[in-house]
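Topology and contacts: notes
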Amino acid sequence: KMSEKDELHNKTLETIEHVQKFAEIFYRKLDEDRHSVGNLYLDTATLTWNGNNLEGGENIKSFLLQKLPKTDHNLLCLDGQNLPAQAVGEQTTILITASGTVRYDKKSSVPFQQNFLITEKDMKWRIAVDNFRSQ
């Protein structure tokens, strides 16, 4: 039987793997395959983009496709924390913090910071909350 410390260590390594994979997929889709990024959001998801609040997966998808110019993200920092199961209705959920630079169209890069709450649904990670801020 594994000790509590070993279980926590294994859970941490698993979380790191999930966070890295999620970030790779999300930013690749957002920058290169935007029409499919909406599939990463839950139907009940919320997005706050530089102070603009959107609710619902379809509204988020429309915003990303129609209002957001072409992007090129350079991720510099990535962190993920498991949320306690009792705080999220026993649903596997991870808080992700990402930061780096983003270039809109062909303009100069600006710093950005983004927080996600992702949750597991049908064996895939889905975004429940997305909060993005750039300068």
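In this text, all values refer to a predicted model and were calculated from it rather than measured experimentally.

Concerning the overall build of the chain
Looking only at helices and strands, one finds 2 helices and 6 strands in the chain. Listing the helices and strands of the chain from first to last along the sequence gives α-β-β-α-β-β-β-β. The C-alpha atoms of the chain give 16 Å as radius of gyration, which agrees with the globular expectation for 135 residues (14 Å, within 12%). Across the 135 residues of the chain, 34% fall into the buried class. In the chain, 51% of the contacts between residues at least 6 apart in sequence involve partners at least 24 apart. For the chain, the computed accessible surface area is about 8500 Å², with 49% contributed by carbon and sulfur atoms. Of the charged side chains in the chain, 17 are positive and 19 negative, and the gap between their average positions amounts to 7 Å.

Observations concerning the pattern of salt bridges
All told, the structure shown has 1 salt bridge when counted by the stated rule. Between Lys 11 and Glu 14 there is a salt bridge; the shortest N-O distance is 4.0 Å. Of this pair, Lys 11 and Glu 14 both sit in helix H1 (residues 4-32), 3 residues apart, roughly one helical turn. Taking the relative accessible area as the measure of exposure, Glu 14 reaches 40% and is therefore partly exposed.

Examining helix H2 (residues 57-66)
Among the residues making up H2, those that are buried are Gly 57, Ile 60, Phe 63 and Leu 64. Down the axis of H2, the sector holding all buried residues measures 130°, keeping them to one side. Turned more than 90 degrees away from the buried face of H2 sit Glu 58 and Gln 66, all of them exposed. Where the residues of H2 are buried, they touch H1, strand S1 (41-49) and strand S2 (52-55).

Re the environment of Thr 119
Here Thr 119 lies in strand S5 (residues 110-121). We classify Thr 119 as buried; its relative accessible area is 8%. Separated by 86 residues in the primary sequence, Thr 119 and Asp 33 place their C-alpha atoms 22 Å from one another. Apart from the residues lying within four places of it in its own chain, the contact partners of Thr 119 are Leu 42, Gln 91, Thr 92, Thr 93, Lys 124, Trp 125 and Arg 126. At 3.1 Å, the side chain of Thr 119 and the backbone oxygen of Thr 92 are in polar contact.

What counts, and at which threshold
- Residues numbered from 1 in each chain as written.
- Predicted model: local features only at pLDDT ≥ 70, side-chain atom pairs only at ≥ 80, totals over all residues.
- Heavy atoms only, no water.
- Helix = DSSP H or I, 4+ residues; strand = E, 2+ residues; numbered from the N terminus.
- Rg over C-alpha atoms; globule rule 2.2 N^0.38 Å.
- Buried < 20%, exposed > 50% of the residue type's maximum accessible area, 1.4 Å probe, protein only.
- Contact = heavy atoms within 4.5 Å.
- Areas by Shrake-Rupley, 256 points an atom, 1.4 Å probe, with all protein chains shown as cover.
- Lys, Arg positive; Asp, Glu negative; His and termini not counted.
- Charge placed at Lys NZ, Arg CZ, Asp CG, Glu CD.
- Salt bridge = Lys/Arg side-chain N within 4 Å of Asp/Glu carboxyl O.
- Arc of directions from axis to C-beta.
- Polar contact = N/O pair within 3.5 Å; in protein donor to acceptor, adjacent residues only side chain to side chain.

All quantities given are derived from atomic positions and should not be read as evidence of function.
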